[in-house]
Amino acid sequence: MRSASVRGTPRKGLIGGVAAAVALASVSLFTGAGASAAAPAPRVDNPYSGAGVYVNPEWSAKAAAEPGGDRIANQPTGVWLDRIAAIDGANGGMGLRDHLDEAVSQAGGRQLTIQVVVYNLPGRDCAALASNGELGPDDLPRYKAEFIDPIAAILADPAYANLRIVTVIEIDSLPNLVTNTGSRPTATPECDRMKQNGNYVKGVGYALAKLGAIENVYNYIDAGHHGWIGWDDNFGASADLFAEAARAEGSTTADVHGFITNTANYSPTREPHFSVDDTVNGTAVRQSSWVDWNRYTDELTFAQAFRQRLVQAGFPAGIGMLIDTSRNGWGGSARPTGPGPQTSVDAYVDGGRIDRRIHKGNWCNQSGAGLGERPTAAPASGIDAFVWMKPPGESDGSSREIPNDEGKGFDRMCDPTYEGNPRNGNNPPGSLPDAPISGHWFSAQFQELMRNAYPPL
Ligand code: BGC
């Protein structure tokens, strides 16, 4: 979601191979007779196919309380386990068991998928401050014993065996080790530390192994977005690092069902008015300031290509991708209706792009954003679903310092008056003013997201 688009020196592309055909396993619900009523159904190829998706009643109530919010309040969104207390329910809210019980009741005997974001790594959010968490860089033992183990114990309860449980594993962690470490100008001491102590890799490996051992759990690892790892220097290195993490702490690549891109980010699913192969007066679109040598211009082409690179890195041929389309619609009156003028490559790209951000590295409460495509199963080849993993209306971070007991810092990328840093090319951050801390309800943003929805509501 957040940190860092980072350009690498252009190199030759890495993409190749043929998308593997994936066989659809049939779903069978256990009803007793011979098999235990508690035995989980075998994993299916796409957990979103032929299933309803859980509507989080807490998010739904907040959405419905907004003027016009009833138009989307019945959409499924992710349930975020963003601290140890969230397992039992933070501040009197629903805990994991409450959500799973409610999911069983929403299922009412039909197939249902619930989406759970597992987000509490030691030294979390090493390149930003807005979602720093409660665990210090060396708190791997606590992560295992107090976070992952209790989650796994609850998910393995036979009462939930007929749910399909999608777990999104630790957004924004592994890509940070690729782009924001070492000699790169974007490096931070915190990311260097997490690379050195290995606790992102170990934490992710442990989570994959523990959760992957539960038959009705489907692990999807966070894979950043095209404006983060779509550059050649980041693309293959990220796939290889994901494979390393998937082999750490007892995990194997078979514990991974797929990957999610664009979680809580704003990168469009498709850029309809220009392609990376276009040229303007002999200059390639890749050389425009906006594209800046990236190999991709949108999430769909990125996710499909990255899927193949992940298979090359050793992941199963049947892995599927998710794309978070919660806030990447970019509709409203500022949305271009056709390509820009061919006067220069920059005019062409800037006039036509639907992504209206100042820079692709901007990630906090983006001004002008709109809801993206509604959650949909199997929308394109290699894509298991478009999902709303980030619940629209929940802030990415506060626009000024707000004391809190959640470990959340103040990141100036959420302050519209900031002048930027190397991770966003030293540009203004394009964020909305007056935002509350990350995860808290931000009514003004919710209203703008509805106004700028694309497709419109
Ligand atoms: C926050 C979490 C929150 C999540 C979903 C993240 O940015 O750090 O606390 O649960 O967003 O809104």
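Presented here is a report on the structure given in the accompanying data block.

Thresholds applied
Along each chain, residue indices are assigned from 1 in the same order as the chain's sequence is written. For this predicted model, a pLDDT threshold of at least 70 governs which residues receive local features, and a threshold of 80 or more governs which side-chain atom pairs are given and counted, while totals over whole chains, interfaces and linings are taken from all residues. Computation of side-chain values: all heavy atoms of the structure, hydrogens and water removed. Neighbouring residues are identified by heavy atoms, a residue being near a molecule or strand if any of them is within 4 Å of it. Polar contact is the term for a pair of N or O atoms within 3.5 Å; when the atoms are in protein, one must be able to donate a hydrogen and the other to accept it, and sequence-neighboring residues count only if both atoms are side-chain atoms. In short, Shrake-Rupley with a 1.4 Å probe defines the accessible areas, and a residue's cover is counted only from the protein chains shown. Buried and open spaces are told apart on a 1 Å grid over the protein atoms alone, a cavity being a set of points where a 1.4 Å probe fits but cannot get out and a pocket being an open set with protein on both sides within 12 Å along at least five of seven lines. Residues with an atom within 4 Å of a point are the lining residues. A molecule is counted as occupying a cavity or pocket when more than half of its atoms fall within 2 Å of that pocket's grid points. Think of it as three bins: nonpolar holds Ala, Val, Leu, Ile, Met, Phe, Trp, Tyr, Cys and Pro, charged holds Asp, Glu, Lys and Arg, and polar takes everything else, Gly as well. Grid points are joined across faces, edges and corners, and a volume is the space filled by probe spheres set on the points. To qualify as a helix, a DSSP run of H or I must reach at least 4 residues; to qualify as a strand, a run of E must reach at least 2; elements of each kind are numbered from the N terminus. Relative accessible area decides the class of each residue, using a 1.4 Å probe on protein chains only: under 20% of the type maximum gives buried, over 50% gives exposed, and in between gives partly exposed. Here a pair means two rings of Phe, Tyr or Trp (six-membered ring of Trp) with centres within 6.5 Å. Their orientation is stacked below 30 degrees between planes, edge-to-face above 60, and tilted elsewhere. The rule is short: NZ of Lys or CZ of Arg within 6 Å of the ring centre and within 35 degrees of the ring normal puts a charge over the ring.

## Describing the site of the ligand
- In the neighbourhood of the ligand, 13 residues make up the surrounding shell, with Asp82, Ser131, Lys390, Glu394 and Lys408 lying closest.
- Here Asp82 contributes a side-chain N or O atom positioned 2.5 Å from an oxygen atom of the ligand.
- Between the ligand and Ser438 there is a distance of 3.2 Å, counted from an oxygen atom to a side-chain nitrogen or oxygen.
- Burial of the ligand by the surrounding chains reaches 97%, relative to a free accessible area of 310 Å².
- With respect to the pocket detection grid, the ligand is positioned in the largest pocket.
- Per-class residue counts for the shell around the ligand are four nonpolar, three polar and six charged.

## Brief notes about empty space enclosed by the protein
- Taken as a whole and judged by the stated rule, the model has one cavity of 30 Å³ or more.
- What the largest cavity holds in volume is close to 60 Å³.
- Along the walls of the largest cavity sit 11 residues, with Ala41, Pro42, Gln111, Arg164 and Tyr218 positioned nearest its centre.
- Residue composition of the lining of the largest cavity, by class: seven nonpolar, three polar and one charged.

## With respect to the environment of Pro150
- Tracing the sequence through the fold places Pro150 in helix α4 (residues 140-155).
- According to the relative accessible area criterion, Pro150 is partly exposed, its value standing at 25%.

## Thoughts on the packing of aromatic side chains
- Per the counting criterion, the structure on display carries 11 aromatic pairs.
- On the numbers, 4.9 Å between centres and 85 degrees between planes, the contact of Phe259 with Phe315 is edge-to-face. Here Phe259, found in strand β6 (residues 258-261), pairs with Phe315, found in the loop between α10 (299-312) and β9 (320-324); they are 56 residues apart in sequence, far enough to count as distant. With respect to class, Phe259 is no different from Phe315; both count as buried.
- With a centroid separation of 5.4 Å and an interplanar angle of 10 degrees, the aromatic rings of Phe302 and Phe306 are classed as stacked. With Phe302 and Phe306 both in helix α10 and four residues apart, this pair spans about one turn of that helix. Neither Phe302 nor Phe306 differs from the other in exposure class; each is buried.
- One aromatic cluster in this structure is built from Phe235, Phe242, Phe259, Tyr296, Phe302, Phe306 and Phe315.
- When the ring centre of Tyr119 is taken as reference, the NZ or CZ atom of Arg124 above it lies at 4.0 Å.
- Sitting over the face of the ring of Tyr454, Arg335 holds its NZ or CZ atom 3.4 Å from the ring centroid.

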